[in-house]
Amino acid sequence: MSCSDLNMSCEQFVQFIIDYLEESLDPKQRGIFERHICACKECDTFLESYRNSIDVVRLITDEDTPPPPEGLVKAVLSAIRDDSSFE
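Caption draft 1: Molecular detail of the state of the cysteines. Summed over the entire model, instances satisfying the criterion amount to 0 disulfides. Here Cys10 stays free of any disulfide, with the sulfur of Cys43 as its closest cysteine sulfur at 3.6 Å. Taking the relative accessible area as the measure of exposure, Cys10 reaches 38% and is therefore partly exposed. Counting only cysteine sulfurs, Cys43 is the nearest neighbor of Cys40, a cysteine outside any disulfide, at a range of 3.7 Å.

In structure tokens form, the structure reads like this:
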């Protein structure tokens with residue numbers, strides 16, 4: 001896999017992160033997503049932080065607790081993306 005092929009912006013990366021983690025991207029989209037991770041250190045770090053956050057939530061919540069609303073997840077991701085200290 002070539003890390004220099006960036007066909008996805010960081011904004012698009014954030015929009016696809018949930019589908020990537022749920023393994024619902026088609027093979028072409030997954031390849032583009034993974035090339036972006038390979039080439040973009042900031043998004044690679046963000047993905048790892050996002051995974052760690054999911055793990056923490058799983059540890060502290062009951063299995064019967066429904067997942068957070070997708071709108072809340074998107075709002076949090078948007079706030080992180082818009083935070084100038086992330087760039």
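There's plenty left to go through after this.
Caption draft 2: Here's a closer look at the nonpolar core. Phe13, Ile17, Phe33, Leu47 and Leu77 are the most contacted members of the largest nonpolar core, which totals 16 residues. Of all the elements in the fold, those that place two or more residues in this core are α1 (10-21), α2 (27-39), α3 (41-60) and α4 (70-82). Each residue touching Leu47, except ones within four places of it in the same chain, is listed here: Phe13, Ile17, Tyr20, Leu21, Phe33 and Ile37.

Caption draft 3: Looking closely at the environment of Glu42. Within the fold, Glu42 resides in helix α3. The partly exposed category is assigned to Glu42, whose relative accessible area is 43%. Separated by 32 residues in sequence, Glu42 and Cys10 place their C-alpha atoms 8.7 Å apart.

Caption draft 4: How the structure looks around the layout of surface pockets. Taken as a whole, the largest pocket spans an internal volume of roughly 1,000 Å³. Lining the largest pocket are 29 residues, with Tyr50, Ile54, Pro67, Pro68 and Val73 positioned closest to its centre. Mapped onto the lining of the largest pocket, the elements with two or more residues apiece are α1, α3 and α4. When residues of the lining of the largest pocket are assigned to their parent elements, the largest contribution, 9 residues, is made by α4.

Calculation rules
- Starting from 1, residues in each chain are numbered consecutively following that chain's sequence as written.
- Thresholds applied to this predicted model are a pLDDT of at least 70 for local features of residues and 80 or more for the giving and counting of side-chain atom pairs; totals over whole chains, interfaces and linings are not thresholded and use all residues.
- To obtain the side-chain values, all non-hydrogen atoms of the structure were used and water was disregarded.
- Two cysteine sulfur atoms form a disulfide, by the criterion used here, when they sit within 2.5 Å.
- When a residue's accessible area, from a 1.4 Å probe over protein chains only, is under 20% of the maximum for its type it is buried; when over 50% it is exposed; and in between it is partly exposed.
- The criterion is simple. A nonpolar core is a set of buried Ala, Val, Leu, Ile, Met, Phe, Trp, Tyr and Cys residues joined through side-chain atoms within 4.5 Å.
- Secondary structure follows DSSP: runs of H or I at least 4 residues long count as helices, runs of E at least 2 residues long count as strands, and numbering of each begins at the N terminus.
- The contact definition used throughout considers only heavy atoms, calling two residues in contact when any of these lie within 4.5 Å.
- Detection works on a 1 Å grid of protein atoms alone, calling trapped sets that fit a 1.4 Å probe cavities and calling open sets with protein on both sides within 12 Å along at least five of seven lines pockets, with lining residues defined by an atom within 4 Å of a point.
- Grid points are joined across faces, edges and corners, and a volume is the space filled by probe spheres set on the points.

Distances and angles like these do not, on their own, reveal function.
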